[in-house]
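# Architecture at a glance
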Amino acid sequence: MIGLISATSAGAAARDRLAAAWPDRTRVYEGPVGDAVRAAFAECEQLVCFLATGAVVRLVAPLLGDKRTDPGVVCVDEGGRFAVSLVGGHGGGANELAEEVGELLGARPVVTTATDAVGVPGLDMLGFPVEGDVAGVSRALLDGEPVALKGELAWPLPPLPVTAEGTYTIRVSDRAVEPAEHEVVLRPPSLVVGVGASRGAPVEEVLGLVGTALRDAGLSPASLAELATVDAKSDEPGIVGAAERLGVPLVTHPAEELASVEVPHPSDAPLAAVGTPSVAEAAALARGGELLVPKRKSERADGRPAMVTCAVVRRPARGRLAVVGLGPGARDLLTPRAAAELRRASVLVGLDQYVDQIRDLLRPGTRVLESGLGAEEERARTAVAEARRGQAVALIGSGDAGVYAMASPALAEASDDIDVIGVPGVTAALAAGAVLGAPLGHDHVSISLSDLHTPWEVIERRVRAAAEADLVVTFYNPRSRGRDWQLPKALAILAGHREPTTPVGVVRNASRPDESSRLTTLAGLDPATVDMMTVVTVGNTATRDIAGRMVTPRGYRWQEAAS
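Small disclaimer: the values here were computed from a predicted structure and weren't measured.

## Some thoughts on the pattern of salt bridges
- Tallied over the entire structure, the rule returns 28 salt bridges.
- For R15, the salt bridge identified is with E30, shortest N-O distance 3.7 Å. With R15 in helix α1 (residues 9–21) and E30 in the loop between β2 (26–28) and α2 (33–43), the pair connects residues that are 15 residues apart, well separated along the chain.
- When the shortest N-O distance is used, the salt bridge between R287 and E226 registers 3.9 Å. Residue R287 is located in the loop between α11 (280–285) and β14 (290–297), and its partner E226 is located in strand β12 (residues 224–230); the two are separated by 61 residues in the primary sequence.
- For E226, a relative accessible area of 7% puts it in the buried group.

Next up, the structure:
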């Protein structure tokens, strides 16, 4: 919950805007400001104070305890110009909250956390438990001192400005190692513990066995990702309680799925009880990995038979491939999600001219693999290969990466051994449509006129179908120096079904500094004025030129009424 506190009418107005926008996330604290801040600090995860920073500093100073548990505090000035991350930038999420508040209120977010200011990810904000000299290694990263990365496990990390050797070290390990001097250890969620249990097994017996198995194998409990078991045990109190106490999800699998998993120690007892010859080992291995601790049983102090079994598996790191649409070119049409994925990627793959558009958004340490036109399939293969090596990869394309761009060749290469995230972008058709007016207000289709990869016979058949169906048509790749006859041919097909006065919109370099546009007609368009940087939109029989804007109505009733 986010506590909202204000002292003046101007602050209250901004406070109420935030409360109205986030009704389920916020709580307004009324009354004397000091009392309100103290109450919100005790009851909320975050605070937004519509007060001067000096006043808030004096109010929260006596309340501060531990940066890992204190609420994040954001201050918004009386004029609503700035949203300042004051306390708990990382641990309390104040940096992100300042960005959110700033976007909602039109205020400028102010973040002074050193790592955020220079674009280096905070070691305590990578999503993994971290141990050791966090402050010292972070300072070394900020000062440009050599920091070595020792990856005992390949895991998709964000970009870090690291070297092969250095006085300071970042180690990625799930082993129970103590951090050395000037070292931090990142604990990736790499360990899966499979658990089998008799009915009524105590939670303490499950926890005891899991802890002993990890300790004896020299593994860190901080890298425990999940407990796994068979579906029939999904509501077993001892297993459910152990997962809750360990703070990890309980993942269950059907018995028939576990029965198909090859294990070293099958048994008749679980086969008779739940329909699979293995629970602990099979559940741990269900999604692949390396068996580090074979099935072992709990030991009970009273000498009675064990009620719990477990096995430990190190699951393979899954690389991460984000296919990112950059939009049509204007920076303000690049989505926040796309920008976040660019900052998260340790490897960027893309066309050189697209890389140049967003190079300033990349964090220090990002490895850039760029190539020229015509190497699309090579870029797709490279991106997938890097992800399979456990990297966090961003593959970029203009517009929406799924529309005539890199998503389809990349996904054709990718299998289920990596995670793939699609990040939508504003397409050229949408950008051009916004410039022209509302040409896509009714059913429409996009067709590429490039016959480099699609036979012209197929393209022509699609154009004829669109013409007969009275669809608005947006032509991508309409004309180049080597392909100058396809657009006239496509326009001629449409002309067989539409009046010569049908509106046609032509937009070149939509949203870019040299953007140009014009509205003409099907009869008046000169194909020689069109090139590969142009999008051509041909209206349907209902499309009209209204006050110089291209408009396709959603329906026809209003037209009939107007006539």
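## Thoughts on the environment of E515
- Mapped onto the elements, E515 comes out in the loop between β24 (503–508) and β25 (516–521).
- Through-space distance from the C-alpha of E515 to that of M533 is 9.9 Å; in sequence the pair is 18 residues apart.
- A distance of 2.7 Å separates a polar atom in the side chain of E515 from the backbone nitrogen of S511.

## Some thoughts on helix α6 (residues 134–143)
- For α6, the full list of buried residues reads G136, V137, S138, A140 and L141.
- Two residues or fewer after α6 comes G144, characterised by a positive phi angle close to 75°.

## Description of the sheet that holds β12
- Strand order in the open sheet formed by five strands is β13-β12-β11-β15-β14, with mixed pairing between adjacent strands. With one partner strand each, in any of the chains shown, β13 (250–253) and β14 form the two edges of the open sheet. Shown here is a sheet whose adjacent strand axes are inclined to one another by a mean of 25°, direction ignored.
- Pairing of strand β11 (residues 191–197) with β12, which is carried by four bridges, proceeds in the parallel orientation. Within the sheet, the bridge partner assigned to G194 lies in β12 and is A228.
- Strands β11, β14 and β15 (308–314) of the sheet are contacted by helix α7 (residues 203–216), whose axis makes an angle of about 40° with β15.
- This element, helix α8 (residues 237–246), spans β11, β12 and β13 of the sheet and lies at about 175° to β12.

Analysis parameters
- Residues numbered from 1 in each chain as written.
- Predicted model: local features only at pLDDT ≥ 70, side-chain atom pairs only at ≥ 80, totals over all residues.
- Heavy atoms only, no water.
- Salt bridge = Lys/Arg side-chain N within 4 Å of Asp/Glu carboxyl O.
- Helix = DSSP H or I, 4+ residues; strand = E, 2+ residues; numbered from the N terminus.
- Buried < 20%, exposed > 50% of the residue type's maximum accessible area, 1.4 Å probe, protein only.
- Polar contact = N/O pair within 3.5 Å; in protein donor to acceptor, adjacent residues only side chain to side chain.
- Pairing = 2+ DSSP bridges.
- Axes fitted to C-alpha atoms, helices over the stretch in contact; angles between N-to-C directions.
- Contact = heavy atoms within 4.5 Å.

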